[in-house]
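# Descriptive analysis of the structure
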Amino acid sequence: MTIVGPRDRARSARMAKVASTGLARFYAIFAKHYPRDWWKGTKARVSEHGFVLRFHTWEGRISEQEFRVTKDRRLLTRVVR
């Protein structure tokens with residue numbers, strides 16, 4: 001049995017808030033604009049400051065794009081591969 005102290009609880013609460021903020025940002029910027037059947041071949045990795053999408057192109061290749069939100073609320077995009 002592991003004893004969880006107040007520090008661990010505070011860290012867990014902070015991480016839960018960061019995760020929910022990242023998911024909310026991902027949904028608001030990107031996910032709500034695409035139908036469900038489009039997501040079958042797509043994977044998203046969400047972080048506190050943005051997200052990375054991995055998907056298949058029309059040519060059948062795998063493509064990755066990164067989207068980050070800056071502190072002044074600008075959306076930056078970058079093609080990873």
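Residues numbered from 1 in each chain as written. Predicted model: local features only at pLDDT ≥ 70, side-chain atom pairs only at ≥ 80, totals over all residues. Heavy atoms only, no water.

### Things to note about the side chain of Thr42
Position of Thr42 relative to the elements: it lies in the loop between α1 (6-29) and β1 (43-46). Classification of Thr42 by relative accessible area gives buried; the value is 11%. Beyond its immediate chain neighbours, meaning those up to four positions away, Thr42 contacts Leu53, Arg54 and Phe55. (Helix = DSSP H or I, 4+ residues; strand = E, 2+ residues; numbered from the N terminus. Buried < 20%, exposed > 50% of the residue type's maximum accessible area, 1.4 Å probe, protein only. Contact = heavy atoms within 4.5 Å.)

### Re the pattern of salt bridges
Tallied over the full model, the rule gives 6 salt bridges. The salt bridge partner of Arg78 is Glu66, with a shortest N-O separation of 2.8 Å. With Arg78 in strand β4 (residues 75-79) and Glu66 in strand β3 (residues 62-69), this residue pair connects regions lying 12 residues apart in the sequence. What you see here is one network of salt bridges that share partners, running through Arg54, Glu64 and Arg81. (Salt bridge = Lys/Arg side-chain N within 4 Å of Asp/Glu carboxyl O.)

### Focus: the sheet that holds strand β2 (residues 50-56)
The strands that make up a sheet are held in pairs by hydrogen bonds between backbone atoms, and each pair lies either parallel or antiparallel. If you walk across this open sheet you meet the 4 strands as β1-β2-β3-β4, and the pairing is antiparallel. With one partner strand each, in any of the chains shown, β1 and β4 form the two edges of the open sheet. The average angle at which neighbouring strand axes cross in this sheet is 20°, direction not considered. In the sheet, β2 pairs with β3 via 7 bridges, with the strands oriented antiparallel. Counterpart to Gly50 in the pairing with β3 is Arg68. (Pairing = 2+ DSSP bridges. Axes fitted to C-alpha atoms, helices over the stretch in contact; angles between N-to-C directions.)

### Structural notes on the nonpolar core
Counting residues in each nonpolar core, the largest one holds 7 residues, listed as Phe26, Phe30, Ala31, Phe51, Leu53, Phe55 and Phe67. The element that contributes the greatest number of residues to this core is β2, accounting for 3 residues. (Core = buried A, V, L, I, M, F, W, Y, C linked by side-chain atoms within 4.5 Å.)

### Here we look at the packing of aromatic side chains
Per the stated rule, a full pass over the model turns up 2 aromatic pairs. Their ring planes at 75° and their centres at 4.8 Å tell us that Phe26 and Phe51 sit as a pair that is edge-to-face. Of the two residues, Phe26 sits in helix α1 while Phe51 sits in strand β2, which places them 25 residues apart along the sequence. For the pair Phe26 and Phe51, one class covers both residues: buried. Geometrically, the ring pair formed by Phe51 and Phe67 is stacked, given 5.0 Å between the ring centres and 20° between the ring planes. A residue pair is termed long-range when its members are at least 10 positions apart, and Phe51 in strand β2 and Phe67 in strand β3 qualify at 16 residues. By relative accessible area, which is 10% here, Phe67 ends up buried. Here the aromatic cluster, defined as three or more aromatic residues joined through ring pairs, consists of Phe26, Phe51 and Phe67. (Phe/Tyr/Trp six-rings, centres within 6.5 Å; stacked < 30°, edge-to-face > 60°.)

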